[in-house]
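# Fold and contact review
Spelled out from the first residue to the last, the chains are:
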Amino acid sequence: MAEASAPAVPSNELLEWPKKDKRRILHAVYRVGDLDRTIKFYTECFGMKLLRKRDIPEEKYSNAFLGFGPEESHFVVELTYNYGVDKYDIGTGFGHFAIATPDVYKLVEEIKAKGGTVTREPGPVKGGSSVIAFVKDPDGYLFEILQRESTPEPLCQVMLRVGDLERSIKFYEKALGMQVVKRVDRPEQKYTIAMMGYAPEHETIVLELTYNYGVTEYTKGNAYAQIAISTDDVYKSAEVVNLVTQELGGKITRQPGPIPGLNTKITSFLDPDGWKTVLVDNQDFLKELGSA
């Protein structure tokens, strides 16, 4: 007698998986026009460390990973340089990255001294007491400089604009197991933000989703690419994402499985606004770092 096939996992049980999974936001990937120029700017002006660099001539691109601590425990940026391409369109949807520092005024003076462009001088936020500044990197990416006495994660925000904040919150909660760690509504400035992550914002990197009143669509450009998040099971995680996209929008763009030649298992998808996330197998990621 033939064996009965295994019953499908009920959707309510499947949706519990992201909350139990071991997840961490690993890195943000984006494109730059001159890798050495950006490395110099980030190390000299921001105080980041160059963690690793690799060149893939057969694919005509190079990568550099930079941050404030090892990739095993810290969020980092993954810069991509495509041979011969020196300029990209950042679009209207990408907002900024953020760096926390005990002294915004001091860091901004150091950035100015090294030729960095300050687009907002240090000072309290409008309607609040938090001290911030904004700096532009050589490719035009904005970095918010935040005043924090101490933090285990100086590279602390990726800000993206979304067209429906409640939908986005629900998507990241259900598909990725994130929580809203802070929410700010500023009707006088006509925007609302939701900080989403896996721990309080002073402890870790958060995704800052911004909704500007009445704006439902943004251009993506071709500069910012994606964030990567770790998971213990890319296959199960992809099932969850598939379920959530049917309800809220978005789509799987790469079915789960190993990357040819690297054997790291990943899956990738777009959220309802078209922002891309890659889920990376935890053990494979650590193996990759060991061979870097």
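Residues numbered from 1 in each chain as written. Predicted model: local features only at pLDDT ≥ 70, side-chain atom pairs only at ≥ 80, totals over all residues. Heavy atoms only, no water.

Another aspect to go through is the overall build of the protein chain. Broken down by element type, the protein chain carries seven helices and 16 strands. Against the compact-globule benchmark of 19 Å for 292 residues, the protein chain has a radius of gyration of 20 Å, which places it among compact chains. When its C-alpha atoms are laid out on the principal axes, the protein chain stretches across 80 × 50 × 35 Å. Put simply, 62% of the contacts in the protein chain that link residues at least 6 apart link residues at least 24 apart. (Helix = DSSP H or I, 4+ residues; strand = E, 2+ residues; numbered from the N terminus. Rg over C-alpha atoms; globule rule 2.2 N^0.38 Å. Contact = heavy atoms within 4.5 Å.)

A separate point is the UniProt feature "domain: VOC" (unreviewed entry) in the protein chain. Sites flagged by UniProt as "domain: VOC" (unreviewed entry) map to residues 24-148 and 154-282. The span residues 154-282 carries 22% helix and 44% strand; its end-to-end C-alpha distance comes to 23 Å. (UniProt positions renumbered as here; feature names shortened; annotations may be inferred.)

Three- or four-residue spacings in an α-helix give side chains the same orientation, since the helix completes a turn every 3.6 residues. Considered for burial, the residues of helix α7 (residues 282-290) that qualify are Asn282, Asp284, Phe285, Glu288 and Leu289. Angularly, the buried residues of α7 cover 165° about the axis, an arc narrow enough to put them on a single face. Residues of α7 that are exposed and point over 90 degrees away from its buried face: Gln283, Lys287 and Gly290. Buried residues in α7 make contact with β1 (25-31), β2 (49-56), β13 (224-231), β15 (265-270) and β16 (276-281). In this structure Asp281 caps α7, since a side-chain oxygen of it lies 3.0 Å from the backbone nitrogen of Gln283. (Buried < 20%, exposed > 50% of the residue type's maximum accessible area, 1.4 Å probe, protein only. Arc of directions from axis to C-beta. Polar contact = N/O pair within 3.5 Å; in protein donor to acceptor, adjacent residues only side chain to side chain.)

Moving on: the sheet that holds strand β8 (residues 142-147). Spatially, eight strands are ordered β6-β7-β8-β5-β9-β12-β11-β10 in an open sheet, and the strand pairing comes out mixed. Strands at the two margins of the open sheet, each flanked by one partner only, are β6 (117-124) and β10 (179-186). Strand-to-strand twist across the sheet, computed as the mean angle between neighbouring axes with direction ignored, equals 20°. In the packing of helix α4 (residues 104-113) onto the sheet, contacts are made with β5 (94-101), β6, β7 (131-136) and β8, and the angle to β6 comes to roughly 165°. (Pairing = 2+ DSSP bridges. Axes fitted to C-alpha atoms, helices over the stretch in contact; angles between N-to-C directions.)

This part takes up the pattern of salt bridges. The tally for this structure, following the rule as stated, stands at 16 salt bridges. Salt-bridge contacts for Arg148 lead to Glu201; the nearest nitrogen and oxygen are separated by 3.4 Å. With Arg148 in the loop between β8 and β9 (155-161) and Glu201 in the loop between β11 (191-197) and β12 (206-212), this residue pair connects regions lying 53 residues apart in the sequence. Classification of Arg148 by relative accessible area gives buried; the value is 8%. Note that Lys182 and Glu201 form a salt bridge whose closest N and O atoms lie 3.3 Å from each other. Of the two residues, Lys182 is situated in strand β10 and Glu201 in the loop between β11 and β12; the sequence distance between them amounts to 19 residues. The class of Lys182 is partly exposed, set by a relative accessible area of 36%. (Salt bridge = Lys/Arg side-chain N within 4 Å of Asp/Glu carboxyl O.)

Read across the open sheet, the eight strands follow the order β2-β3-β4-β1-β13-β16-β15-β14; overall the sheet is mixed. Looking at which strands have only one partner, the edges of the open sheet turn out to be β2 and β14 (251-258). Across the sheet, the axes of successive neighbouring strands diverge by a mean angle of 20°, strand direction being ignored. Note: β15 against β16, five bridges, orientation antiparallel. Residue Phe269 lies in a different strand from β16, and its bridge partner there is Thr277. Helix α3 (residues 35-46) contacts β1, β2, β3 (61-67) and β4 (76-82) of the sheet and is inclined by roughly 5° relative to β3.

So, on to the environment of Gly67. Of note, Gly67 is situated in strand β3. Taking C-alpha positions, Gly67 is 6.9 Å from Leu50, a pair spaced 17 residues apart along the chain. Setting aside chain neighbours within four positions, we find Gly67 in contact with Met48, Lys49, Leu51 and Val76.

With that out of the way, let us pick up the side chain of Thr204. Mapped onto the secondary structure, Thr204 falls in the loop between β11 and β12. Using a relative accessible area of 18% as the deciding quantity, one classes Thr204 as buried. Ignoring anything within four residues of it in the chain, the contact list for Thr204 reads Glu153, Cys156 and Ala199.

This brings us to the nonpolar core. Membership of the largest hydrophobic core comes to 64 residues, with the highest contact counts inside it found for Tyr30, Tyr42, Phe46, Met48, Phe143 and Val158. Look past the residues within four positions of Tyr30 in its chain and what remains in contact with it is Tyr42, Val77, Glu78, Leu79, Thr80, Phe97, Tyr141, Phe143, Ala223, Tyr224 and Ala225. Listed in part, the seven residues of the second largest apolar core include Ala228, Val278, Phe285 and Leu289. (Core = buried A, V, L, I, M, F, W, Y, C linked by side-chain atoms within 4.5 Å.)

Before going further, it helps to spend a moment on the state of the cysteines. Two cysteines whose sulfur atoms are joined by a covalent bond form what is called a disulfide. Evaluation of the coordinates by the stated rule reveals zero disulfides. Looking at Cys45, it has no disulfide partner, and the nearest cysteine sulfur is the one in Cys156, 18 Å off. (Disulfide = S-S within 2.5 Å.)

The next thing to look at is the packing of helix α5 (residues 165-176) against helix α6 (residues 234-248). It is the contact of α5 with α6, at a shortest axis distance of 9 Å, that shows an interaxial angle of 160°. Here α6 runs roughly antiparallel to α5, going by the angle between their axes. For the pair α5 and α6, the crossing hand works out as right-handed. Here Arg167, Lys170, Phe171, Lys174 and Ala175 of α5 lie close against α6, whose contacting residues are Val240, Val241, Val244, Thr245, Glu247 and Leu248. Partitioned by chemical class, the residues of the contact of α5 with α6 number six nonpolar, one polar and four charged. (Parallel < 35°, antiparallel > 145°, perpendicular 65-115°, else oblique. Left-handed = near helix turned anticlockwise from the far one by under 90°. Nonpolar A, V, L, I, M, F, W, Y, C, P; charged D, E, K, R; others polar.)

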